[in-house]
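# A closer look at the structure
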Amino acid sequence: METYKPTPGPLLAKISSPDDLKKLSSEQLQDVCDELREYIIDSVSVYGGHFGASLGVVELTVALHYVYDTPRDKLVWDVGHQAYGHKILTGRRDQFYTNRRYNGLSGFPKRSESEYDAFGVGHSSTSISAALGMAVASDLNSENKKAVAVIGDGAMTGGMAFEALNNAGAQNSDILVILNDNNMSIDPNVGALKEYLADITTSKTFNKMRDEIYDLLGHFKSAGEKMRKVASKLEKAMTAAITPGALFQALGFKYYGPVDGHNVDALRRHLEDLKTVSGPKLLHIVTVKGKGFAPAEREQTKWHAQSSPFDKITGNPLTKPKTKEKLPPKYQDVFGEALVELAEDNEDIVAITPAMPSGSSLWPMMRAYPDRSFDVGIAEQHAVTFAAGLATEGKKAFAALYSTFLQRAYDQVIHDVAIQKLPVVFCIDRAGLVGADGPTHHGLYDISYLRAVPNIIVSSPMDEQELRDMMFTASEYDQGAWAIRYPRGRATGMEVRKEFQRTEIGKGRVIQKGESVAVLSFGPIGKYVMDANELLQQENIHIGHYDLRFAKPLDTDMIDSVLESYDYIITLEDGTRLGGFGSAVAEYVAEKGAGVPVKILGVPDQIIEHGSQRELHDEVGIGPDGIVETVKNLLGIKIA
Ligand SMILES: Cc1ncc(C[n+]2csc(CCOP(=O)(O)OP(=O)(O)O)c2C)c(N)n1
């Protein structure tokens, strides 16, 4: 592991816990913020990681740990990608260089890592619920602990945040919600709430606006549409000025703000005041994502996270970018481009993303067909039922979701899609072990939870050609839902045929025939079987390899022929071993009473931490070496 450690500034060097921070005078806090920001930039510029969000909450982080008695008082970060400053101030400064790396610190707050991490996170919109639970527990135990939830304007679009506000507003427990409003999700935030928050902040500059309006009226004498827009903007701003935060007040919260989230002294004073106010309260702070690093302020989506080293002044990449020709496309891009091609010929195709247009590569579709593309906010449950509604009226909805986030919408998949046999296409990205984001983001359960539900086809392509063809076939399918899962990362780089071809539903393909051991793989992880095959052939071992393509319906003809020709079956999937593709094969073989042993290779029943994808695949034995070892074990060959 590389060991470059950034050098902390003189104040930060002395802070090993929030107690050390509290020894400083309030006048020194801005200097601490500057050093903390520098430290984050220095570290991420070498090792990568989430970036803009942590820079945006530096002042808030310092003020919170200065004012509150953490870890006794509970601090819950929503999503957790903004908690780097928190980690550095709470005893993890010197380990921070291991952030997100194998056996290193987690990129997100994690209870087992530190007592300061009050709640484990990774998925959004959970903070208010968790903090409320802590506040209520404190009430029940008569402990008078404070509970603070820090939630972004993006995460606030999630339904769970509203469920929690609704509950907290009526509980009257001592909870502070800090709404970190930077007007950004990963991509620009969307929806009516965003407009509402903008109206509150705009009302601050109400007078300035009024002048602008007079100016505008001068320019647009013929008025019409533009004037009406201006008038409606004015009206909203006035309402917000008179009753800012009325929405939150209606939900039972005392509303404070909006406050400049980069003025550490103002934040400190506000927090000290709010500590004395009982009951549910919401502090609305306004920040800039990427604050203090010019390229990140300018291009906020790009700098949400960084994976390669960059110059810490200019932001320019330090590794030479390989030319596009040399690198195979990412699976997400193959999906994004194929969708536009399909949409050209099929007017019914619509696309849905819950706040991940960049992450899911939906921008090409959104640009080509803005009226048929929907970013619905961080709202996976709504995304799925919205897709179901569209499907009832004959629209062919392609819902693009990460595997881990689709977990949120399991009931919607069953209740709204499957029971009604609606032809929604789920394009499930980041399926399998995702790498550095770790356990909250691994997409390990979708095969198991989807194959348990009737009326859903569960498929996975082994390469980009298959992905395109499956999408095409799914776009024509009207007998129920269809899930296509593919992983994070790059496809094979193969020559791709431009025209789409139909994939025969429930049919696999033979990659290579062999002797004694057959490996049945599901999805792109099949590439490891090819690597294993090469190694085994050097030792004169010739295994068979079958790309099953469908976990449901299974290609039982193919399995029957495998049962006739081989002594052992190995199944391989990038997902949990419990109830997944291998289980499906084993169930079939057991029901047939075929008596051929089935060895299931997949992710074991335990939480897999973070690391590179390859490190994790190898750790759980689904990389080429693990396959070779399993084959040799079955054949009783000693492993050198
Ligand atoms: C349930 C869920 N869906 C999607 C994501 C992916 N995601 C991570 S951060 C993020 C944007 C969060 O925006 P915001 O809460 O405003 O925080 P900011 O990054 O602006 O500080 C999204 C969509 C997630 N973490 N959880």
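Everything below is about the structure shown above.
Report follows, based on the coordinates.

Basis of the calculations
Residues numbered from 1 in each chain as written. Predicted model: local features only at pLDDT ≥ 70, side-chain atom pairs only at ≥ 80, totals over all residues. Heavy atoms only, no water. Salt bridge = Lys/Arg side-chain N within 4 Å of Asp/Glu carboxyl O. Helix = DSSP H or I, 4+ residues; strand = E, 2+ residues; numbered from the N terminus. Buried < 20%, exposed > 50% of the residue type's maximum accessible area, 1.4 Å probe, protein only. Contact = heavy atoms within 4.5 Å. Polar contact = N/O pair within 3.5 Å; in protein donor to acceptor, adjacent residues only side chain to side chain.

## Some words on the pattern of salt bridges
This model, assessed by the stated rule, comprises 33 salt bridges. Taking the shortest distance from any N to any O, the salt bridge between Glu587 and Arg451 comes out at 2.6 Å. One end of the pair, Glu587, is in helix H24 (residues 581–592); the other, Arg451, is in helix H20 (residues 446–451), and 136 residues separate them in sequence. Of the residues examined, Glu587 reaches a relative accessible area of 40% and is grouped as partly exposed.

## Details of the environment of Asp187
By the element assignment, Asp187 lies in the loop between strand S4 (175–181) and helix H9 (192–204). On the basis of relative accessibility, which here comes to 3%, the residue Asp187 falls in the buried class. In the structure, Asp187 is positioned 170 residues away from Pro357 in sequence and 7.1 Å away in space, judged by C-alpha atoms. Setting aside its immediate chain neighbours within four residues, Asp187 contacts Thr301, Ala355, Met356, Pro357, Ser358 and Trp363. Here the side chain of Asp187 touches Ser358 through a polar contact of 2.4 Å, side chain to side chain.

## Describing the environment of Gly169
Along the chain, Gly169 turns up in helix H8 (residues 159–171). Expressed as a C-alpha distance, the spacing of Gly169 and Gln249, which sit 80 residues apart in the sequence, is 8.6 Å. Apart from the residues lying within four places of it in its own chain, the contact partners of Gly169 are Leu251, Gly252, Phe253 and Pro280.

## Points about the environment of Gln538
For Gln538, the position within the fold is in the loop between helix H22 (526–537) and strand S16 (544–547). For the pair Gln538 and Lys5, spaced 533 residues apart in the sequence, the C-alpha separation amounts to 43 Å.

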